[in-house]
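Each chain, written out:
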Amino acid sequence: MRLSNLRWAYPYVGWLLLAVALLVLAPAVLSDFRLGLLAKYCCYAIAAVGIGLAWGRGGMLVLGQGLYFGIGAYAMAMHLKLADAGPGGVPDFMALYGDATVPAWWEPLRNGGLALVVILVLPALVAGLLGLAVFKRRIKGAYFAILSQALAAAFAILLVGQVKTTGGANGLNNFQGFFGYALFDPANKRMLYFIAAGILLISILVMAWLYSTRFGELLVAVRDGEERVRFLGTDPANVKLAAYVIAAVLASIGGALFVPIAGIVSPDDVGVVASIGLLAGVALGGRASLLGPAVGALLVGYAETSLSEAFPGSWSYFQGALFVLVILLLPGGLAQLLGLVGRLNVRRGNSVDDHSPRGVPRGKQGETEVPRSASEEAAAR
């Protein structure tokens, strides 16, 4: 069998290797401290998977995913603070900065199930309303990118200004428990790691399924030829809206898991800088590939920690130089290396298989077929 016929299996083999690395090798060789850091990277990677869908497949440069990361993070943090305070209790920072009363909009989050619903539904509603306002008016490109980044900046500024209800610039911290489990117990911290790694792997599988559906094909078609898709009878705004909402929900899930793992959330974790950091990881790994966004986010997190430990005063310069080199040498991210290897294998397989005319299957040398574009193929289904 020719190697080119097995190319469909490459992403799944990569996913299996990533699963073994995260679920078997990492817990066996890393200390509890390093495993906690890897758990944080997995939270970033979950958000990066959604960015890969919206940006890599849909062509939407989402510069403000910190907004949705923050919605999930603060919703989870509010629930944990209320749970620590007990029934009818008041979070400690409210007694310190305010009048020791819980705002009415905090109270529903005392219920853990409702908090989980908010983490999933609220970012979807915000992204849906914003997407309807933007995509239906055919706003795209740099205008959409600037708008999304402005919203993340505005959200961070709002959090800083609301000291009595959000903790201000200090954020929310000092969490004691997580749905009945003590966060100071190392066994529970390892449990959180496996939850984050498991959700990351599941999100990648969901993306693999979406990419193989008609929706995935339409998303690529919209990215490559939006006007052609509209001419063929499909509204590109609906396709882009669905991808944007899914990306927002994944970012919110990553933010919600980040809070008990990191033990703190602040405006610095959800603002413009944090949003660009997520985007940088996706670009580094390869935004158009299945595994690239997740692997890139993991590598960026590891590089940031390693460089800051080795070069406390100048690590950001080394990190910036690393990004510049990768973008200059590998515009398609690290996934481009695998693409080069795959093309070499295909060429070798073609050279030893047969000498039929290029692009014509064996046994059909007398037949020709005009290939259709991605947009025409997807819209015709």
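## Quick word on the packing of aromatic side chains
Logical step 1: Scanning the model with the defined rule gives 12 aromatic pairs in all.
Logical step 2: Seen from their ring centres, F178 and F179 are 5.0 Å apart, and the 80° between their planes marks the pair as edge-to-face.
Logical step 3: Residue F178 is classed as buried on the basis of its relative accessible area of 11%.
Logical step 4: For F179, a relative accessible area of 36% puts it in the partly exposed group.
Logical step 5: Pairwise contacts between aromatic rings join Y68, F135, F144 and Y244 into one cluster.
Logical step 6: The side chain of R57 reaches across the aromatic face of Y211, ending 3.9 Å from its centre.

## Remarks on the environment of G86
Logical step 1: For G86, the position within the fold is in the loop between α3 (66-85) and α4 (92-97).
Logical step 2: What makes G86 buried here is its relative accessible area of 17%.
Logical step 3: The sequence separation of G86 and R110 amounts to 24 residues, and the corresponding C-alpha distance is 8.9 Å.

## Re the layout of surface pockets
Logical step 1: The computed volume of the second largest pocket comes to approximately 600 Å³.
Logical step 2: Considering the residues around the second largest pocket, the lining is formed by 23 residues, among which Y44, A274, G277, V300 and E304 are closest to the centre.
Logical step 3: Put simply, the parts of the chain that give the lining of the second largest pocket at least two residues each are α2 (32-57), α10 (236-262), α11 (272-285), α12 (292-310) and α13 (315-329).

Procedures and definitions
- Residues numbered from 1 in each chain as written.
- Predicted model: local features only at pLDDT ≥ 70, side-chain atom pairs only at ≥ 80, totals over all residues.
- Heavy atoms only, no water.
- Phe/Tyr/Trp six-rings, centres within 6.5 Å; stacked < 30°, edge-to-face > 60°.
- Buried < 20%, exposed > 50% of the residue type's maximum accessible area, 1.4 Å probe, protein only.
- Lys NZ or Arg CZ within 6 Å of the ring centre and 35° of its normal.
- Helix = DSSP H or I, 4+ residues; strand = E, 2+ residues; numbered from the N terminus.
- 1 Å grid on protein atoms, 1.4 Å probe; cavity = no way out; pocket = protein on both sides within 12 Å on 5 of 7 lines; lining within 4 Å.
- Points joined across faces, edges and corners; volume = space filled by probe spheres on them.

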